[in-house]
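# Topology and contacts: notes
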Amino acid sequence: MRAADLERAMAERGMIAADATPLPFGSAGRPWFVSVVLGGAGWLASLFAFLFVLLLFEPNTPGEASVAGVILLAAGFGLYAAGRDSAFVEQLALALSLAGQFALLYAVGDGTESATATAACATVLSLAVVVAMPNGFAKTLSAVFACIAWSLTIRFGFWGESWFDDPSQTVAFGPALAGWLTIWAPVAVGVLVLVRREAEWMATGARRIARPALTGLLLALALGTWTSEPFAALAFWTPAGEAPTNWLAVWPLLGVAAALFAALCAFRLRHSPMIGVAIAGALLHVMQFYYLLGVSLVVKSYVMLAVGVGLLLAARRLRLSA
Amino acid sequence: MNRNELDALAAHHGLRVDAVESMLAIAEARPKPADLARFGVRTLHLSGVLSVAAGVVFFVAANWIALAVFGRFALVQGVIVAAVALALWRPPPHPVGRYALLLAFVVSGALFALFGQTYQTGADVYELFLSWALLGSVFVVAAHWSVVWAAWTVVLNVALWLFFGARPETGVLWLAFSFWAQETSVSLIVPLLVNIGLWWVCVRLEHTSWASVAPGWLSRFVLACAVAFGTWSGMLVVLRQTEDIGFLGLLATLVVFVLVGWHTLRRRVDVFPLAAIEGSLILLSTTWIAQSIDHFDEVGYFFVLAAWLIVASTVSGHWLMKLVRAWDTPEARA
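Residues numbered from 1 in each chain as written. Chains lettered and ligands numbered in written order. Predicted model: local features only at pLDDT ≥ 70, side-chain atom pairs only at ≥ 80, totals over all residues. Heavy atoms only, no water.

### Quick notes on helix 11 (residues 189–205) of chain B
Residues and elements named next belong to chain B. Counted at 1.5 Å a residue, the expected span for helix 11 with its 17 residues is 24 Å, and the 24 Å between its end C-alpha atoms agrees. Within the span of helix 11, buried status applies to Ile189, Val190, Pro191, Leu192, Asn195, Ile196, Leu198, Trp199, Cys202 and Val203. Buried residues along helix 11 sit in contact with helix 8 (146–165), helix 9 (172–177), helix 10 (184–187), helix 12 (216–238), helix 13 (248–267) and helix 14 (272–292). (Helix = DSSP H or I, 4+ residues; strand = E, 2+ residues; numbered from the N terminus. Expected span 1.5 Å × (residues − 1). Buried < 20%, exposed > 50% of the residue type's maximum accessible area, 1.4 Å probe, protein only. Contact = heavy atoms within 4.5 Å.)

Here's what the structure looks like:
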């Protein structure tokens, strides 16, 4: 159905006036692949812009870097607000706002020398961008970044600031499960609330925040566990001797569940590309589960077989009840 | 209609909550409970089958000493025999047959791995994936299902990557290709062309009885693989990591991009191929500029790169959106 057909049907039902001005052509937004090209290029440009500012002004203290960050962020905000219809201005604004965020986080990292504090600040900063930045694409990206930063905050805060999978780390099953739920349960609940109350926020100005936030949260659920520690899935080397049991290794499996939940929500929203992302995310999480140290492969194979049989039984039950 | 358009409609006409509910119902923007249940069952089935398959693969990889060689082979072959028996009992397009053949295809890879692990055949990893793609194709053809074809293309592309990209330089196949594949940038032309061939087949099947086997997403996936191999080949040339005939990699990539672009512009259906090519060209051109201006001072260097990326992506995005609006097909907008 096209917008014009829908408007005609709505007019026939008296929902809108018969002579109401039709929706301007081209309101469907960008297809996802155009966003990927623009987002990828904008992100890379922001890295170069950040390095350019860093080398040009040579901020020596966290305070100076913060000033540079705030100016870049404000410039990005201003450009977004002023040039809503210009593709060039939008790309420039994306690069500047991301460069500003990089600079602010650089200042926090330099000042605190703590990855946990930097990740926590990144969470707050990204959430602020989701609320304040006058651009849907920037909001979506920031929602994803906020979830990843939140994940790293909890991970570093509870189990130390190791970037890669630490083979000597020991974490019991209970804390590992509690940690994962602390990170992702609020995200999943947020998605559920937004999906269930979609009509309510679509009818208000809140849609300008809720729609991109929902897209970002779905992306984060689909890929978040993997993206917040992607290098662990590339641990092709294994340390000498038996690795101690570390149930953080079960996080990717929980990430699969989150990805499947994202797929279900995406289906409710008729968002086919997001379903594809969620399926790809689930497969990436299985790969990560294979490589993460902490639980032996035999135990992992039993877990996968048990999960598989459980899912098939659940499918049968759901089919019979439906 | 996508959600952005519905949001715009709600905002444009200032709809209240009940009117938005009605609009979503008229536009069929929300699945019915029965559709949702069907999707849930399908998702659970697919994840269940893949989990069981992954369990078998993990088990073989664990090389568990408590189970003798005979037991390991019996286990893996038992799963394949059971899956084939299920597929014969309820042949595709019945879901049981399709899921069973998907399981058989994945587990056949574990069987090849187990064979190599047990008998120390000395086979390279690419040989495992290539054998898997070739011998497992029986299950793929029998399944007549896009999901199994997607799994097959993944396995084939891993084999191509391992052989033409990682260059094992062992095995009979390598002997056959070594005269041609002296430069990685040149050897990568083969996986580029293989994927372009698959994309072409997908496009040709669109209006035949095989259309369900080669849906749009699968054709986009193989094209993305082709563009990735082409970009890799071109990148090696731009980074000057080739000698002699190495430049042919970039040349072949550009020729293929032109042909794909020309075909896409003629069809006026899906903008995705052009977006993939644009993304690749932005990456290649940025790398080329980075190489060409490495004598600049660092400030100027990063300024030029940032400026180029912003300008190039703006022009690309503007052009792509113009095509999306002009063609206005479901494929162009999705």
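Following the structure, the description resumes.
### Observations concerning the packing of aromatic side chains
By the definition in use, this model includes 26 aromatic pairs over all chains. Summarising the aromatic geometry, the rings of A:Phe33 and B:Phe272 are spaced 5.5 Å apart at their centres and angled 90 degrees between planes, so their arrangement reads as edge-to-face. Of this pair, A:Phe33 sits in helix 2 (residues 32–57) while B:Phe272 sits in helix 14, which puts the two residues in different chains. A relative accessible area of 8% means that B:Phe272 is categorised as buried. (Phe/Tyr/Trp six-rings, centres within 6.5 Å; stacked < 30°, edge-to-face > 60°.)

### As for the environment of B:Ala290
Residues and elements named next belong to chain B. With respect to the secondary-structure elements, Ala290 resides in helix 14. According to the relative accessible area criterion, Ala290 is buried, its value standing at 19%. Taking the C-alpha atoms as reference points, Ala290 and Ala143, 147 residues apart in sequence, are found 48 Å from one another. Ignoring anything within four residues of it in the chain, the contact list for Ala290 reads Tyr301 and Leu305.

### What to know about empty space enclosed by the protein
One pass over the full model with this rule turns up 7 cavities of 30 Å³ or more. Lining the largest cavity, in full, are A:Ser151, A:Leu152, A:Arg155, A:Thr225, A:Ser228, A:Glu229, A:Leu248, A:Trp251, A:Pro252, A:Gln288 and A:Leu292. Those elements that place two or more of their residues in the lining of the largest cavity are helix 6 (136–159) and helix 10 (251–268) of chain A. It is helix 6 of chain A that provides the largest number of residues to the lining of the largest cavity, a total of 3 residues. Here the residues of the lining of the largest cavity sort into 5 nonpolar, 4 polar and 2 charged. Looking at the second largest cavity, its volume works out to about 40 Å³. Those elements that place two or more of their residues in the lining of the second largest cavity are helix 3 (33–62) and helix 4 (69–89) of chain B. Of all the elements, helix 4 of chain B adds the most residues to the lining of the second largest cavity, at 3 residues. Of the residues contributing to the lining of the second largest cavity, the split by class is 5 nonpolar, no polar and 1 charged. (1 Å grid on protein atoms, 1.4 Å probe; cavity = no way out; pocket = protein on both sides within 12 Å on 5 of 7 lines; lining within 4 Å. Points joined across faces, edges and corners; volume = space filled by probe spheres on them. Nonpolar A, V, L, I, M, F, W, Y, C, P; charged D, E, K, R; others polar.)

### Quick notes on the interface of chain A and chain B
Each partner contributes to the interface: chain A provides 77 residues, whereas chain B provides 79 residues. Buried area between chain A and chain B, summed over both chains or domains, comes out near 7,000 Å², and the portion from carbon and sulfur atoms is 78%. In this structure, the salt-bridge partner of A:Arg211 is B:Asp7, at a minimum N-O distance of 2.7 Å. Remark: the boundary between chain A and chain B carries 8 residue pairs in polar contact (both at pLDDT 80 or more). (Buried area = accessible area lost by both parts, 1.4 Å probe. Salt bridge = Lys/Arg side-chain N within 4 Å of Asp/Glu carboxyl O. Polar contact = N/O pair within 3.5 Å; in protein donor to acceptor, adjacent residues only side chain to side chain.)

### A closer look at the side chain of B:Ser280
All names here are of chain B. Mapped onto the elements of the fold, Ser280 is located in helix 14. Relative accessible area serves as the criterion here: at 3%, Ser280 is assigned to the buried category. Reaching out from Ser280, the side chain makes a polar contact with the side chain of Thr231 at a distance of 2.7 Å. Not counting residues up to four positions away in its chain, the partners in contact with Ser280 are Val227, Thr231 and Phe257.

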